Amino acid sequence: MSAEFGGRSGRQGKLSQWLRGRRPKEAADEVGREALLLAAAGAGLPLAPAAHPVSGYRCSCDRVGCPTPGRHPVSFAWQTQATTDRAQIARWAGHQPQANFITATGMTHDVLDVPLEAGREALDRLLGAGIEVGPVAVGDDGRMLFFTLTRGTPEDEDEWWPCALDCHPETMDEHPGLRWHCRGSYVLVPPARLPGDDGQCVHWLRGPEHPLPDPLTLLETLTDACARHVGEDSDQPTAAWPQHH
């Protein structure tokens, strides 16, 4: 289920007011977890079961001190396991009633993952300009996810970079704070529970019924908003990437 804001007139103000106000009741409570998962699959998002938070910040997996509790796939074979088959997803959802689900990116869709404040600004501008945005998810962890068509497989393999990076080191100035989830990556798909004691979650702001746009139609606005966001908060690093040992 998505949040709709009527016609284009006044949509920016309504969107800003909604985003800055109280978070709405989790979508899963309104239409049901399984229905939301099936809607995502019906929109072409391949899904696979994921871990879920336990007792606040612990993870349902067996790993001691899991670094990403409730945020990772259950199976190491998640890329081949991910599917849009409704019957299989219904079985998973029924057999694992607490499980989160991930959607594998780079198959039919990518995800542009930005800081929430930058996402708010970008979404205001995109909708105000009449640009088709597509599905958007919001996480209580301070991130906003813009779902787009996948870029496919480019001829130049060097164009790809891992999703764990906020940006490729050589393009840090061009993509501050942006993570482009593409081939070999995944994100949590709503409805998903996040670690914490206060019911944090990932939920749809604009649901999967919205057609997936070309990522390049959103990229300039998103990167500009990220640059503005980083520039206004000098205490935050412009990018971060894991150390390889």
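Because the structure is a prediction, the values reported are computed rather than measured. (Residues numbered from 1 in each chain as written. Predicted model: local features only at pLDDT ≥ 70, side-chain atom pairs only at ≥ 80, totals over all residues. Heavy atoms only, no water.)

Go over the overall build of the protein with me, naming the residues and quoting the values.
Helices and strands together make up the secondary structure of the protein, namely seven helices and 11 strands. Once local pairs closer than 6 in sequence are excluded, the contacts in the protein between residues at least 24 apart make up 77%. As displayed, the protein has an accessible area near 12100 Å², and 49% of this comes from carbon and sulfur atoms. (Helix = DSSP H or I, 4+ residues; strand = E, 2+ residues; numbered from the N terminus. Contact = heavy atoms within 4.5 Å. Areas by Shrake-Rupley, 256 points an atom, 1.4 Å probe, with all protein chains shown as cover.)

Lay out the nonpolar core with the relevant residues and their values.
In this structure, L37, L47, I89, F147, L188, V189 and W204 are the most contacted members of the largest nonpolar core, which totals 28 residues. Broken down by secondary-structure element, the contributors of at least two residues to this core are α3 (33-42), β1 (47-50), α5 (86-95), β4 (100-104), β7 (143-149), β9 (186-189) and β11 (201-206). With five residues, α3 is the largest single contributor of residues to this core. Ignoring anything within four residues of it in the chain, the contact list for I89 reads L37, L38, A41, L47, T83 and T84. (Core = buried A, V, L, I, M, F, W, Y, C linked by side-chain atoms within 4.5 Å. Buried < 20%, exposed > 50% of the residue type's maximum accessible area, 1.4 Å probe, protein only.)

Pulling in residues and values, what's your account of the sheet that holds β9?
Hydrogen bonds along the backbone pair up the strands of a sheet, which may run parallel or antiparallel. Read across the sheet, three strands follow the order β1-β4-β9 without closing on themselves; strand pairing throughout is antiparallel. The two strands at the open ends of the sheet, each matched to only one other strand, are β1 and β9. Across the sheet, the mean angle separating the axes of adjacent strands is 40 degrees when strand polarity is ignored. Across four bridges, β4 lies against β9 in antiparallel orientation. Of the residues in β9, the one forming a bridge with I102 is L188. Against the sheet, α5 touches β1 and β4, its axis set at about 10 degrees to β1. (Pairing = 2+ DSSP bridges. Axes fitted to C-alpha atoms, helices over the stretch in contact; angles between N-to-C directions.)

Any chance you could break down the pairing of β4 for me, citing the residues and the numbers?
With respect to burial, β4 is a largely interior element, five of its five residues being buried. Burial along β4 is two-sided: the residues N100, I102 and A104 and F101 and T103 are all buried. With four bridges connecting them, β1 and β4 associate as antiparallel partners. What sits directly across from A48, in β4, is I102.

So what's going on with the pairing of β11? Residues and values would help.
Within β11, six of the six residues are buried, which leaves it mostly tucked inside the rest of the structure. The pairing of strand β6 (residues 136-139) with β11 spans four bridges and is antiparallel. From the neighbouring strand, A137 faces β11, where its bridge partner is W204. In this sheet, β11 lies alongside strand β10 (residues 192-193) in antiparallel orientation, the contact comprising two bridges. Bridge pairing in β11 places A192 opposite V202.

Describe the confidence of the model for the protein, listing the residues and the values that go with them.
Detail in the predicted coordinates should be disregarded across regions flagged by low pLDDT. Taken residue by residue, the protein gives an average pLDDT of 80. The fraction at 70 or more is 71%. Scored below 50 in pLDDT, residues 1-30 shows 53 contacts in the model against residues more than four places distant or in partner chains. The low-confidence segment residues 236-245, where pLDDT is below 50, has 18 contacts with residues more than four positions distant or belonging to other chains. (pLDDT = per-residue confidence, 0-100.)

I'd like a rundown of helix α6 (residues 116-128), residues and numbers included.
The end-to-end C-alpha separation of α6 is 18 Å, in line with the 18 Å expected for 13 residues at 1.5 Å each. Of the positions making up α6, those classed as buried are L116, A118, G119, R120, A122, L123, D124, L126 and L127. One or two steps after α6, the chain reaches G130, where phi turns positive at roughly 75 degrees. (Expected span 1.5 Å × (residues − 1).)

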